[in-house]
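# Notes for the structure review
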Amino acid sequence: MYRMAAILVLALLASACGNRPTAAQVVPVELTEFAIDSPISTFKVGTPYRFVISNPGAINHEFVLVAEGQEHNMGSEGEHGHADPAESGHGHAEEQDHDMGNMLHVGESQLTPGATVTIEHTFTEPGEYEFGCYLPGHYAAGMHTKISVVP
Ligand SMILES: [Cu+2]
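Report follows, based on the coordinates. (Residues numbered from 1 in each chain as written. Predicted model: local features only at pLDDT ≥ 70, side-chain atom pairs only at ≥ 80, totals over all residues.)

Glancing now at the overall build of the protein chain. On a plain count of helices and strands, the protein chain comes out with 3 helices and 9 strands. Shown N-terminal to C-terminal, the secondary structure of the protein chain runs as helices and strands in the order α-β-β-β-β-β-α-β-β-β-α-β. Here the protein chain holds 151 residues, and 17% of them are scored as buried. Counting contacts in the protein chain only where the partners sit at least 6 residues apart, residues at least 24 apart contribute 73% of the total. (Helix = DSSP H or I, 4+ residues; strand = E, 2+ residues; numbered from the N terminus. Buried ≥ 20, exposed ≤ 12 C-beta atoms within 10 Å, placed from the backbone. Contact = placed C-beta atoms within 7 Å.)

What follows deals with the environment of glutamate 62. Tracing the sequence through the fold places glutamate 62 in the loop between strand S4 (48–54) and strand S5 (63–67). With 20 C-beta atoms counted inside 10 Å, the residue glutamate 62 sits in the buried group. In this structure the C-alpha to C-alpha distance between glutamate 62 and tyrosine 134, which are 72 residues apart in sequence, comes to 6.9 Å. For glutamate 62, the contacting residues outside a window of four places in its chain are Val106, Gly107, Glu108, Leu111, Cys133, Tyr134 and Leu135.

Right, let's talk about the environment of valine 27 for a bit. Inspection of the secondary structure puts valine 27 in strand S1 (residues 25–32). Assessed through the 16 C-beta atoms surrounding it within 10 Å, valine 27 is described here as partly exposed. As a C-alpha pair, valine 27 and isoleucine 119 span 92 residues in sequence and 10.0 Å in three-dimensional space. Not counting chain neighbours up to four residues away, the residues in contact with valine 27 comprise Ser38, Pro39, Ile40, Tyr49, Arg50, Phe51 and Val52.

The sheet contact formed by S1 and S4 spans 6 bridges and is parallel. Across the sheet, valine 29 pairs through a bridge with isoleucine 53, a residue of S4. As paired strands, S4 and strand S7 (residues 116–122) are joined by 7 bridges and run antiparallel to one another. In the strand pairing of S7, arginine 50 is matched with glutamate 120. (Pairing = 2+ DSSP bridges.)

Written out as structure tokens, the structure is:
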């Protein structure tokens, strides 16, 4: 009997430490000068991910997740003399982060050199997305990484 009980306890312990389907998948993302490194570039809709975003670099960075084509208006000043209605609508949408199910933003005040920020995110829409750092000059210097989200 004791032996049975011991095996049962071990089995319970093992299952508690093993595959938990509800546990988020950890994705370590590194921000450096000037790149964004993610070990995963294809994500699945409905899977909870835990982004562990670290800045091992020497200067502040930020982490932004947006759908492709929804990037901040980087370097567009030279192309457009004045904002058109589509652009101002876009800017308005970006302020409403909480309504955008597939957008994330971690500001530079949280991603100082040596900092690590953990956020959980579950994609709801398949498509092409991008991680980016939009501090002045960083995106252009290479701080962006395309990712795909599949059904
Ligand atoms: Cu940066």
